[in-house]
Protein chains: 2
Amino acid sequence: MKTIEKYQELIVNQIDLFEKNRGDLALYDPVSYILSIGGKRIRPVLTLIGTDLFDGNIEDSFQSALGIEMFHNFTLLHDDIMDDAPLRRGMDTVHEKWDVNSAILSGDVMFVEAFVKVTSCKTKYLRSVLDLFNITATEVCEGQHLDMEFETREDVTIPEYIEMIKLKTSVLVGCALKLGAILADAKDEEANLIYDFGLNLGIAFQIQDDILDVYGDAALFGKQVGGDILANKKTYLLLKALESADKSQGEELNSWLAKSEYNSDQKVKAVTTLFTDLNVKEKAEKVMWDYYDIAIESLNKLKLNEEKHHYLLDFAQGLMQRSK
Amino acid sequence: MKTIEKYQELIVNQIDLFEKNRGDLALYDPVSYILSIGGKRIRPVLTLIGTDLFDGNIEDSFQSALGIEMFHNFTLLHDDIMDDAPLRRGMDTVHEKWDVNSAILSGDVMFVEAFVKVTSCKTKYLRSVLDLFNITATEVCEGQHLDMEFETREDVTIPEYIEMIKLKTSVLVGCALKLGAILADAKDEEANLIYDFGLNLGIAFQIQDDILDVYGDAALFGKQVGGDILANKKTYLLLKALESADKSQGEELNSWLAKSEYNSDQKVKAVTTLFTDLNVKEKAEKVMWDYYDIAIESLNKLKLNEEKHHYLLDFAQGLMQRSK
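Quick caveat, the model's predicted, so the values are computed rather than measured. (Residues numbered from 1 in each chain as written. Chains lettered and ligands numbered in written order. Predicted model: local features only at pLDDT ≥ 70, side-chain atom pairs only at ≥ 80, totals over all residues.)

Trainee: Which parts of the structure should I look at to understand the overall build of chain A?
Mentor: Helix and strand counts for chain A stand at 16 helices and two strands. Over its C-alpha trace chain A gives a radius of gyration of 20 Å, about what one expects of a compact globule, namely 20 Å for 324 residues. Dimensions along the principal axes, computed over C-alpha positions, put chain A at roughly 60 × 50 × 35 Å. Split into buried and exposed, the 324 residues of chain A put 47% on the buried side. A separation threshold of at least 6 residues defines the contact pool for chain A, and within that pool the share at least 24 residues apart is 74%. (Helix = DSSP H or I, 4+ residues; strand = E, 2+ residues; numbered from the N terminus. Rg over C-alpha atoms; globule rule 2.2 N^0.38 Å. Buried ≥ 20, exposed ≤ 12 C-beta atoms within 10 Å, placed from the backbone. Contact = placed C-beta atoms within 7 Å.)

Trainee: Just to check I follow, could you spell out the relation of the copies chain B and chain A for this structure?
Mentor: Between the two copies of this chain, the relationship is a rotation about some axis together with a displacement along it. Relative to chain A, chain B is turned by 180 degrees and slid 0.0 Å along the rotation axis, the superposed coordinates differing by an RMSD of 0.0 Å. Classification of the inter-copy transformation places it as that of a two-fold axis. (Least-squares fit on C-alpha atoms with pLDDT ≥ 70 in both.)

Trainee: Could you clarify how one ought to interpret unusual backbone geometry in this entry?
Mentor: Trans peptide bonds make up the majority, and among non-glycine residues the majority have a negative phi. Residue and element names in this part refer to chain B. Within the chain, Asp185 stands out as a residue other than glycine whose phi angle is a positive 65 degrees. Note on placement: Asp185 falls in the loop between α8 (158–183) and α9 (188–215). Residue Asp185 is classed as partly exposed on the basis of its C-beta count, with 16 C-beta atoms lying within 10 Å. Of note, Lys303 is a non-glycine position whose phi angle comes to about 50 degrees, a positive value. Turning to its location among the elements, Lys303 is positioned in the loop between α15 (280–302) and α16 (306–320).

Trainee: Quick question: what am I supposed to make of the interface of chain B and chain A here?
Mentor: Taken together, the contacts link 27 residues of chain B with 27 residues of chain A. Elements with a minimum of two residues in the side of chain B that touches chain A: α4 (62–83), α6 (100–118) and α7 (123–151) of chain B. For the side of chain B that touches chain A, the element with the most residues is α7(B), which contributes 12 residues. Tallied by class, residues from the side of chain B that touches chain A come to 16 nonpolar, eight polar and three charged. (Nonpolar A, V, L, I, M, F, W, Y, C, P; charged D, E, K, R; others polar.)

Trainee: What exactly am I supposed to notice about the environment of Thr119(A) here?
Mentor: Relative to the assigned elements, Thr119(A) resides in the loop between α6 (100–118) and α7 (123–151). For Thr119(A), a count of 24 C-beta atoms within 10 Å gives the class buried. Considering only alpha carbons, one finds Thr119(A) and Val287(A), 168 residues apart in sequence, at a separation of 36 Å. Discounting residues that sit within four places of it in the chain, Thr119(A) has contacts with Leu126(A), Val129(A), Leu130(A) and Leu130(B).

Trainee: Sorry if this is basic, but what is going on with the environment of Ile135(A) here?
Mentor: Considering the arrangement of structural elements, one finds Ile135(A) in helix α7. For the pair Ile135(A) and Val171(A), spaced 36 residues apart in sequence, the C-alpha to C-alpha distance is 9.3 Å.

Trainee: Whenever I open this one, the confidence of the model for chain A confuses me. Can you help?
Mentor: Parts of the model with low pLDDT should not have their predicted coordinates read in detail. Averaged over chain A, the pLDDT score is 95; the fraction of residues at 70 or greater is 97%. In the predicted complex, the global pTM is 0.95; the interface-specific ipTM is 0.95. (pLDDT = per-residue confidence, 0-100.)

Trainee: Help me out: how do you make sense of the environment of Ile211(A) in this one?
Mentor: Residue and element names in this part refer to chain A. Mapped onto the elements of the fold, Ile211 is located in helix α9 (residues 188–215). The class for Ile211 is buried, based on 20 C-beta atoms found within 10 Å. Taking C-alpha positions, Ile211 is 31 Å from Asn134, a pair spaced 77 residues apart along the chain. Residues contacting Ile211, with those up to four places away along its chain left out, are Leu237, Lys281, Ala284 and Glu285.

Trainee: Is there a simple way to think about helix α15 (residues 280–301) of chain A in this case?
Mentor: Quick reminder: α-helices carry 3.6 residues per turn. Residues three or four places apart thus point the same way. Residues and elements named next belong to chain A. For α15, spanning 22 residues, the distance from its first C-alpha to its last is 32 Å, which sits close to the expected 32 Å at 1.5 Å a residue. Listed in full, the buried residues belonging to α15 are Val280, Ala284, Met288, Tyr291, Tyr292, Ala295, Ser298 and Leu299. Projected down its long axis, α15 carries its buried residues within an arc of 110 degrees, all on one side. Across from the buried face of α15, at angles greater than 90 degrees, the exposed residues are Glu282, Lys286 and Asp293. Against the buried residues of α15 lie α9, α12 (236–244), α14 (264–277) and α16 (306–320). Lys303 sits one or two positions beyond α15 and adopts a positive phi of about 50 degrees. (Expected span 1.5 Å × (residues − 1). Arc of directions from axis to C-beta.)

Trainee: Before we go on, may I ask you to explain the packing of α8(B) against α9(B) in this structure?
Mentor: Packed helix pairs are specified by the crossing angle of their axes together with the interaxial distance, meaning the distance between the axes. Residues and elements named next belong to chain B. Across the interface, α8 lies against α9 with an axial gap of 7 Å and an inter-helix angle of 145 degrees. Judged by the sense of rotation from one axis to the other, the crossing of α8 with α9 is right-handed. Of the residues assigned to the contact of α8 with α9, the class counts are 15 nonpolar, six polar and four charged. (Axes fitted to C-alpha atoms, helices over the stretch in contact; angles between N-to-C directions. Left-handed = near helix turned anticlockwise from the far one by under 90°.)

Printed below as a string of structure tokens:
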């Protein structure tokens, strides 16, 4: 196994190679742009890790890993249009820097390119790879649909919320690892266990994201603390608070949700106090660790050698400690 | 070989089956909608024809043919957003009936579904099918990009225009036929010849479309005659007219292109008169028949039996006579 930084470096090399060989049309400029503005490349790194875990040759997985990164960036590109987001990783979003039409069409061609790259594998793995990627891509679209739908729904339940984050973000984490495993000729059972590890770790990570958005250290977290509260985002914390609140707490919470004019600091402080009174942080942490434990159970079932087992364990623990 | 109507009926049956088994999410409503509002289903019909030509079992091609129709409709869905088109086949476009975000995301999931269906084939054909579809999907995006880019460019050449219509519409005609041929185990050479037949027939068809938009019978053509002229669309006719015009004709033509306020009938009449004076209809017909002839050359090289040869010949001739 290599360090995460080494895997990241290998992915960045692949992105550079893509850049050198891409088409000349201006259609590809936004594709280059969004690939260039960084991110941790965690998903393609997981594909390389998946291959190394099962003693495959990671060079055989470079193209598919790049395809996973392209797919992820394609979803960011289209999601940013739908969310009317001005910034992505501190830079102008594609529809801001170019226009909505360019963002739609460059996204589409990037999606095709993701298929091309993901399926650039030995033909004996092609059916498995394609089936996995097709299902994952469908699920990610469904997750984004649910996320948008939840914005205007008042009756979102916690199980529905978990299903949404699973589809929108976690399945791609599982897919990235499983893809690497398939390309290393792992057995079906092993490939499915590494998928489950990624899927459940992804859910835990997303719930942690909700917690950090309220209780995180702004400097370490890298986002504005309280952003979800200001946006009335139906996170695990808000849904749990609404579920746990007594009559007067419920009325106070709903009055903050209904206000169209308010002082941001006051709203964040008041809602956070309600969350704290209702112990939603602890409740969210409990659920987060439950999903983490399910992930570790899958890891244990894999019966990897000690080095590999600890590599994944360290990775998972590192992910869960990102701003403690 | 079956009648076109019979093939169309088989495709409609597949669309009905998809409808019965599709996901429940509202995300799929626009997918159902755009598939339901008709069209001639010509591309999936060509896939079935491609399979029958090489003595394959068309039942093995139903899913892939449906995938081609889904891909085509996905492109219409996203193109309609980009063109801000209110109507498609006389019905509200998806972004009008729902909204832009729904049209983007339903288009995306429809694109995945197109991949799923197109690649629902025997595994031995999977690599060939996927390579063909990946290239075609990329080219169609590139064609749409060029079409949009041409709107704001004043220096579009006729070869560039031909390249654009080839990418935007004709490659999918070639792809549809070749896909059917691959699934019937046709030899590479045969599959490539049927592709060339479709590709060049598609270019001829598109140039005919330009001609009919000016000189067609509105009732038979099914569109407003003169629509391209009113939109200043850089069709073969306009590009040829600009190329052939003397100084005073060029000035007159450019003055009509520059006017922001005009009587529609007057503009259509004046530009049509210029086109007629410059013989652009005849010039366009010459190029159209040149591409038609290239298509027929590929057909001749295929050495199909007489029934099949005449079937394709009749099909091609029928296409070229659609409003004479």
